[in-house]
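For reference, the chains in residue letters:
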Amino acid sequence: MADSEAVEARGDIQPLVRFERVSKHFGAVTAVEALTLEIAQGEFFALLGPSGCGKTTLLRMLAGFEVPTEGRIFLDGEDIVSVPPHRRPVNMMFQNYALFPHLTVEGNIAFGLRQEKATRDEIAERVTEMLALVRLQGFGRRRIDQLSGGQRQRVALARSLIKHPRVLLLDEPLAALDKKLRAETQFELMELQRKLGTTFVIVTHDQQEAMIVADRIAVMDHGRLMQVAPPAEIYEGPGSRWVAGFIGEVNMVEGKIGPGENIDSALGTLLVSAGVGEAGDKVWLALRPEKISMSVDRPKGNLNAVAGTVFEIGYRGDMSIYRVRLADRSVMKVALANMSAGGTARYALHDLVWLSWPPEAGVVLTG
Amino acid sequence: MNGEPEKRWNVRAIVLLPYLWLAVFFLTPFVIVLKISLSQTALAQPPYLPVLDLAAGWAGLIEFAKELSVDSYRLLSSDLLYLLSYLKSLQVAAISTIILLAIGYPFAYGIARAPRGLQPLLVMAVVLPFWTSFLIRVYAWINILQRDGLLNDVFLRLQIINAPATWLSSDTAIYIGMVYSYLPFMVLPLYATLEKMDESLLEAAADLGCPRWKTFWLVTLPLSVRGAVAGALLCFIPIVGEFVIPDLLGGSETLMIGQTLWTEFFSNRDWPVASAIAIMLLALLLVPILVYERLQRRSLEEGR
């Protein structure tokens, strides 16, 4: 539902990739369950979920390494389920890179073209082009075991791009890199994707990575799509408690919809945005830690405000996470940016504080 | 770092152990054989001269050294029989190794591609013949290959041949014996390399447009060269010096170096020439042994 809406919103006539009620069983285990998903031409699309959620299986079905138990997969409107991997116009960058250890950097990058009827000059030209694209000029003659992890990652990228695939599949492409390099490479990947205009489908378990690189994210769990939407929409308007909890930090307040635009909860009556459901429905208010303000005095105005005691402070450098115990013994997490130059915490342990947020800051979830 | 010296002493002792082993069980016999190869035959006990008399001290040693000669080696180079034996051995070893590779590779490949749970069982099956004495297994082949043996019997019944053929006492019998006996030595190292190979490399090749049969030539084969070389050397080196198989299964016209050595030693009682043959054989095999050694070391380094 959410996925097809999003594609229509982009005004595309035909999706580049379409999974139609695709299921995959491995013996008694169900990896993917009756899943329908569309990916548009030129999108940077992320499949996100905890390990074992079926995201890699979905990617491998698109590459042709797994055959769906049921359902059809379309590429450019053509059913590709029966097409073997070596005939599909998609290429994959493997998680461990899967570089051929007996070939040089050039040999690896040229491998795909060598399988076509490309001339020697053409191959040489394209390899040079690819080496420049991934900034590995001069590394062509190196052996794979003479490269660093980051360089290997770039060779794998070049190798999978040289045939100009209709879709580039990236299976946890940055998982093997250290944190700093990973952050840089994320931006490089985005730049590359924009430059080439190729459709990228990335599989990752790292929600931050998915949010940074992708135009749209499909959040998966137990072989099903939980939500498909652009990153901001998923973060700001999660469709369920599960998605809200999986993406980023969240405070969850249980309650019932009251007579007005509010929720009756253990914290009292909380104001929310209009049109959340029928009075008496059981709901949850999802509240992001950074959307909550903290003050010593009770704030004025049309705000929700609850009192509590700071009992834990996690200093993260750029921000601090305060854990505040409320009157009903529940705990609320509050993230405050450390903007003052001193960097010291504005609130100390055992401080009595007021937490407040405007009605529109929270998301009311029904499931 | 206190209290370390004792520990270091222990470590040193452990490191020393293999060297001690080599010194006692390899170097000493080798020096003795080398010494005998430089002696002359004599009707005596032992059947060669000079005999080193350690009781005579330094003077005795000098006396001994003066009497050493290279006559045996001269004989080896002057009589064509020895050269032909060496060449025959190399030929048999080379052809056997090629046949072993041709049979062993699909064998190892099949095991490596079998379901994970089945693999130990299949490896076990390859090693199983070792549970019976090597000699008995070669004798069994005499039974199979002889004129009224199992092979002729089956072939006659299937009407593949009309009259019993001669298998035993021929080069064919030698090759059958060699290939049969050494197959595990070929299969195991090949299996080890093939089994270690990353499956995703094959997927990567397929992903880049390479059909399966071509992936075998472009990826699998080049990556298993090391296992193939290890297996080939593991077969080639002992086959060159093989004695039992050609002696029991081969014909009288085939003389491998092992048989020539045996004849010199037991029939002619010419210990010096027999020793010289052994030394030359070792020199001959040193090249492939060093290649193997080098290969092992490299794969150890890469395994780190």
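For clarity, every value in this text was computed on a predicted model and none was experimentally measured.

Asker: Any details on the interface of chain A and chain B? Residues and values, ideally.
Answerer: Contacts between the two partners involve 22 residues from chain A and, on the opposite side, 18 residues from chain B. Summing both partners gives a buried area of about 1,700 Å² for chain A against chain B, and 60% of it is carried by carbon and sulfur. Contact with chain B buries area across many residues of chain A, yet A:His86, A:His102 and A:Gln115 alone supply 32% of it, more than any other trio. At the surface where chain A touches chain B, the tally comes to 1 salt bridge. Of the charged contacts, one joins B:Glu203 and A:Arg60 as a salt bridge, the two residues approaching to 2.6 Å between their closest N and O atoms.

Asker: So what about the side chain of A:Asn108? Which residues, and what values?
Answerer: Residue and element names in this part refer to chain A. Structurally, Asn108 can be placed in helix α3 (residues 105-114). A residue is classified by how much of its surface remains accessible, and Asn108, at 0% relative accessible area, is buried. Within the structure, the side chain of Asn108 is placed 3.4 Å from the side chain of Arg159, a separation counted as a polar contact. Look past the residues within four positions of Asn108 in its chain and what remains in contact with it is Leu99, Phe100, Leu103, Ile144, Val155 and Arg159.

Asker: How would you sum up the packing of helix α8 (residues 171-196) of chain B against helix α11 (residues 225-240) of chain B? Please name residues and give values.
Answerer: All names here are of chain B. Interaxial distance between α8 and α11 falls to 7 Å at its minimum, and their mutual angle equals 155°. Between α8 and α11, the crossing angle belongs to the class labelled roughly antiparallel. Handedness of the crossing formed by α8 with α11: right-handed. Together, Met178, Tyr182, Phe185, Met186, Pro189, Leu190 and Thr193 of α8 and Gly227, Ala228, Ala230, Gly231, Ala232, Leu234, Cys235, Pro238 and Ile239 of α11 make up the contact between the two elements. For the contact of α8 with α11, the class distribution of residues is 13 nonpolar, 3 polar and no charged.

Asker: Requested: an account of a nonpolar patch on the surface, with residues and values cited.
Answerer: Among the surface-exposed residues, B:Leu17, B:Leu20, B:Trp21, B:Leu22, B:Val24, B:Phe25, B:Phe26, B:Leu27 and B:Val31 lie close enough to one another that they form a single nonpolar patch of about 960 Å² accessible area. Structurally, B:Leu20 can be placed in helix α1 (residues 4-37).

Asker: Outline the confidence of the model for chain B, listing residues and values.
Answerer: Scored by pLDDT, chain B has a mean of 90; 96% of the residues are at 70 or more. Predicted as a complex, the structure gets a pTM of 0.82 and an ipTM equal to 0.84.

Asker: Account for the sheet that holds strand β20 (residues 363-365) of chain A, with residues named and values stated.
Answerer: Hydrogen bonding along the main chain pairs the strands of a sheet, whether they run parallel or antiparallel. Residues and elements named next belong to chain A. Taken in spatial order, the 5 strands line up as β13-β12-β11-β14-β20 in an open sheet, and their pairing is antiparallel. The sheet is open, and its two borders are formed by β13 (268-271) and β20, each paired with just one other strand. With direction set aside, neighbouring strand axes in the sheet form an average angle of 40°. Across 4 bridges, strand β12 (residues 262-265) lies against β13 in antiparallel orientation. Residue Asp264 lies in a different strand from β13, and its bridge partner there is Thr269.

Asker: If you had to explain unusual backbone geometry to someone new, which residues and values would you point to?
Answerer: Omega for the bond connecting B:Gln45 with B:Pro46 falls within 30 degrees of zero, at -5°, which places this linkage in the cis form. For the peptide bond that leads from B:Leu49 to B:Pro50, omega is -10°, which places it in the cis range. For A:Arg135, which is not glycine, the phi dihedral falls at a positive 55°. Here A:Arg135 lies in the loop between α4 (120-133) and α5 (149-161). Since its relative accessible area comes to 45%, A:Arg135 is described here as partly exposed.

Asker: Give a detailed account of helix α6 (residues 179-196) of chain A, specifying residues and quantitative values.
Answerer: Note that an α-helix has 3.6 residues per turn; residues three or four places apart therefore point the same way. Residues and elements named next belong to chain A. Taking 1.5 Å as the rise per residue, α6 with 18 residues should run 26 Å; its terminal C-alpha atoms sit 26 Å apart, in good agreement. For α6, the complete set of buried residues consists of Thr185, Gln186, Leu189, Met190, Leu192 and Gln193. Across the axial projection of α6, the buried residues extend over an arc of 165°, all falling on one side. Residues of α6 that are exposed and point over 90 degrees away from its buried face: Lys180, Phe187, Glu191, Arg194 and Lys195. In this fold, the buried residues of α6 make contact with β3 (44-48), α4, α5, β7 (167-171), β8 (199-204) and α7 (207-213). Positioned one or two residues after α6, Gly197 has a phi angle of 70°, which is positive.

Asker: Report on the pairing of β3(A), specifying residues and quantitative values.
Answerer: All names here are of chain A. Across the 5 residues that make up β3, a large majority, 5, are buried. By the alternation rule, side chains of β3 split into Phe44, Ala46 and Leu48 and Phe45 and Leu47, which are all buried. Relative to β8, β3 is paired through 5 bridges, and the arrangement is parallel. Of the residues in β8, the one forming a bridge with Leu48 is Thr204. Where β3 meets strand β9 (residues 216-221), 4 bridges bridge the pair, whose relative direction is parallel. Considered in β9, the bridge of Leu48 is made with Val219.

Asker: I'd love a proper account of the pattern of salt bridges, names of residues and values included.
Answerer: All names here are of chain A. All chains considered together, the criterion is met by 22 salt bridges over all chains. Between Glu43 and Arg216 there is a salt bridge, with its nearest N and O atoms 2.5 Å apart. Placement of the pair is Glu43 in the loop between β2 (29-39) and β3 and Arg216 in strand β9, with a sequence separation of 173 residues. Each member of the pair, Glu43 together with Arg216, is buried.

Asker: Could you give an account of the side chain of A:Asp221, with specific residues and numbers?
Answerer: All names here are of chain A. By the element assignment, Asp221 lies in strand β9. No salt bridge forms around the buried Asp221; measuring N to O, its nearest opposite-charge neighbour Arg224 is 8.6 Å away. There is a polar contact of 3.1 Å between the side chain of Asp221 and the side chain of His222.

Definitions and limits used
Residues numbered from 1 in each chain as written. Chains lettered and ligands numbered in written order. Predicted model: local features only at pLDDT ≥ 70, side-chain atom pairs only at ≥ 80, totals over all residues. Heavy atoms only, no water. Contact = heavy atoms within 4.5 Å. Buried area = accessible area lost by both parts, 1.4 Å probe. Salt bridge = Lys/Arg side-chain N within 4 Å of Asp/Glu carboxyl O. Helix = DSSP H or I, 4+ residues; strand = E, 2+ residues; numbered from the N terminus. Buried < 20%, exposed > 50% of the residue type's maximum accessible area, 1.4 Å probe, protein only. Polar contact = N/O pair within 3.5 Å; in protein donor to acceptor, adjacent residues only side chain to side chain. Axes fitted to C-alpha atoms, helices over the stretch in contact; angles between N-to-C directions. Parallel < 35°, antiparallel > 145°, perpendicular 65-115°, else oblique. Left-handed = near helix turned anticlockwise from the far one by under 90°. Nonpolar A, V, L, I, M, F, W, Y, C, P; charged D, E, K, R; others polar. Patch = residues over 30% accessible without salt bridge, like charges linked within 9 Å, V, L, I, M, F, W, Y side chains within 5 Å. Areas by Shrake-Rupley, 256 points an atom, 1.4 Å probe, with all protein chains shown as cover. pLDDT = per-residue confidence, 0-100. Pairing = 2+ DSSP bridges. Expected span 1.5 Å × (residues − 1). Arc of directions from axis to C-beta. Lys, Arg positive; Asp, Glu negative; His and termini not counted.

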